[in-house]
Amino acid sequence: DAGVIQSPRHEVTEMGQEVTLRCKLISGHNSLFWYRQTMMRGLELLIYFNNNVPIDDSGMPEDRFSAKMPNASFSTLKIQPSEPRDSAVYFCASSFRVGTGELFFGEGSRLTVL
Amino acid sequence: KNEVEQSPQNLTAQEGEFITINCSYSVGISALHWLQQHPGGGIVSLFMLSSGKKKHGRLIATINIQEKHSSLHITASHPRDSAVYICAVWADKLIFGTGTRLQVFP
């Protein structure tokens with residue numbers, strides 16, 4: 001398996017534009033996590049899914065952020081409209097078991113909002 | 001006060017030294033993860049612990065559930081071990097420590 005695959009790896013956009021980040025899970029994994037990393041706040045959990053169902057989205061900053069799992073192997077994180085303070089590295093990770101399973105991270109999507 | 005505290009925040013060592021990074025937490029957990037992130041790089045899971053001790057190569061991780069404390073040890077450290085090491089606990093969601101930046105010099 002190729003591991004967790006994220007795209008795009010880098011995105012530069014202007015304030016107000018819609019941004020969509022994508023994540024492909026490892027085959028057989030049933031848990032999916034979206035994280036954000038900034039210098040100021042470190043790593044933060046945004047949302048996680050178990051068996052395609054969102055379980056905890058309390059880390060999603062505001063209504064401009066939304067995440068979906070249209071199927072068991074794929075997820076999107078959307079920001080609309082984007083703002084400069086959304087600039088960060090966004091990681092997704094998957095696991096075969098929520099909480100007590102090993103986490104496998106994608107390489108991250110670096111977002112810069114001008 | 002953060003629910004997950006790591007110490008030290010920064011650590012420098014000479015190649016070959018034994019290194020210990022500590023993690024204390026204040027919540028009930030079902031698992032603790034040690035993660036490694038190289039500069040500009042992705043995040044790699046080193047260990048997932050719910051009790052006892054695990055060893056992988058030169059890395060050893062221990063956890064004491066009663067004391068709510070975990071340690072990550074690196075034996076015979078090497079410059080390629082230079083990275084940020086992050087402790088994260090699972091308490092119905094993943095809570096991260098702020099990380100320990102390790103630099104190992106030749």
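The structure this text deals with has already been given above.
These remarks concern the structure in this document. Keep in mind that what you see is a predicted model, and the values were worked out from it rather than measured. (Residues numbered from 1 in each chain as written. Chains lettered and ligands numbered in written order. Predicted model: local features only at pLDDT ≥ 70, side-chain atom pairs only at ≥ 80, totals over all residues. Heavy atoms only, no water.)

**Some points on the pattern of salt bridges**
Residues and elements named next belong to chain A.
- According to the stated counting rule, one finds 10 salt bridges over all chains in the structure shown.
- Close ionic contact of Arg-36 with Glu-44 constitutes a salt bridge, the shortest N to O distance being 3.5 Å. Like Glu-44, Arg-36 is buried.
- Note that Arg-64 is salt-bridged to Glu-83, the shortest N-O span being 3.5 Å. Here Glu-83 lies in the loop between strand E8 (74-79) and strand E9 (88-95) and Arg-64 lies in the loop between strand E6 (53-56) and strand E7 (65-71), a separation of 19 residues in the sequence.
- The exposure class assigned to Glu-83 is partly exposed, which follows from its relative accessible area of 23%.
- Several salt bridges converge on common partners, so that one network encompasses Glu-62, Arg-64, Glu-83, Arg-85 and Asp-86. (Salt bridge = Lys/Arg side-chain N within 4 Å of Asp/Glu carboxyl O. Buried < 20%, exposed > 50% of the residue type's maximum accessible area, 1.4 Å probe, protein only. Helix = DSSP H or I, 4+ residues; strand = E, 2+ residues; numbered from the N terminus.)

**Brief notes about the environment of Leu-94 of chain B**
- If you trace the backbone, Leu-94 of chain B turns up in strand E10 (residues 94-96).
- Sequence-wise, Leu-94 of chain B and His-69 of chain B are 25 residues apart; in three dimensions their C-alpha atoms are separated by 16 Å.
- What Leu-94 of chain B contacts, discounting residues up to four positions off in sequence, is Tyr-35, Leu-45 and Leu-103 of chain A together with His-33, Ala-88 and Val-89 of chain B. (Contact = heavy atoms within 4.5 Å.)

**With respect to the interface of chain A and chain B**
- Taken residue by residue, the interface counts 17 residues in chain A and 16 residues in chain B.
- Buried surface at the junction of chain A and chain B, both sides included, amounts to about 1,400 Å², of which 67% is carbon and sulfur.
- Between chain A and chain B we count zero salt bridges in total.
- Joining chain A to chain B, the criterion identifies two residue pairs in polar contact (both at pLDDT 80 or more).
- If you list the elements that add at least two residues to the side of chain A that touches chain B, you get strand E4 (31-38) and strand E5 (42-50) of chain A.
- Of the residues contributing to the side of chain A that touches chain B, the split by class is nine nonpolar, five polar and three charged. (Buried area = accessible area lost by both parts, 1.4 Å probe. Polar contact = N/O pair within 3.5 Å; in protein donor to acceptor, adjacent residues only side chain to side chain. Nonpolar A, V, L, I, M, F, W, Y, C, P; charged D, E, K, R; others polar.)

**Side note on the sheet that holds strand E3 (residues 19-25) of chain B**
Residues and elements named next belong to chain B.
- The strand order E1-E3-E8-E7-E6 describes an open sheet built from five strands, whose pairing is antiparallel. Pairing within the sheet leaves two strands with one partner each, and these edge strands are strand E1 (4-7) and strand E6 (52-56). Each adjacent strand pair in this sheet contributes to an overall mean axis angle of 15°, direction not counted.
- Bridging between E3 and strand E8 (residues 69-74) involves six bridges; their strand directions are antiparallel. Residue Ile-19 lies in a different strand from E8, and its bridge partner there is Ile-74. (Pairing = 2+ DSSP bridges. Axes fitted to C-alpha atoms, helices over the stretch in contact; angles between N-to-C directions.)

**Some details on the environment of Ser-70 of chain B**
Residue and element names in this part refer to chain B.
- With respect to the helices and strands, the residue Ser-70 is situated in strand E8.
- Of note is the side chain of Ser-70, whose polar atom sits 2.9 Å from the side chain of Trp-34.
- Polar side-chain contacts of Ser-70 include one of 2.6 Å to the backbone oxygen of Thr-62.

**Some remarks on the side chain of Ser-31 of chain A**
Residues and elements named next belong to chain A.
- Position of Ser-31 among the secondary structure elements: in strand E4.
- Judged by its relative accessible area of 0%, Ser-31 is buried.
- Within the structure, the side chain of Ser-31 is placed 3.2 Å from the side chain of Asn-30, a separation counted as a polar contact.
- Ignoring sequence-local partners within four residues, the contact set of Ser-31 consists of Leu-25, Phe-49, Asn-50, Ala-93, Ser-94, Ser-95, Arg-97 and Val-98.

**A word on the pairing of E1 of chain B**
Residue and element names in this part refer to chain B.
- A one-sided burial pattern is seen for E1, the buried positions being Val-4 and Gln-6 and the unburied ones Glu-5 and Ser-7.
- Bridging between E1 and E3 involves four bridges; their strand directions are antiparallel. If you follow Gln-6 over to E3, its bridge partner there is Cys-23.

**With respect to the state of the cysteines**
- Within this structure, the stated rule accounts for two disulfides over all chains.
- Across the disulfide from Cys-23 of chain A sits Cys-92 of chain A; the S-S distance is 1.8 Å. The sign of the 70° torsion about the S-S bond sets the Cys-23 of chain A-Cys-92 of chain A disulfide as right-handed. Here Cys-23 of chain A, found in strand E3 (residues 19-24), pairs with Cys-92 of chain A, found in strand E9; they are 69 residues apart in sequence, far enough to count as distant. Each member of the pair, Cys-23 of chain A as well as Cys-92 of chain A, carries the same accessibility label: buried.
- Between Cys-23 of chain B and Cys-87 of chain B runs a disulfide, and the two sulfur atoms are separated by 1.9 Å. (Disulfide = S-S within 2.5 Å.)

Note that every value here comes from positions in space, so none of it alone points to a role or purpose.
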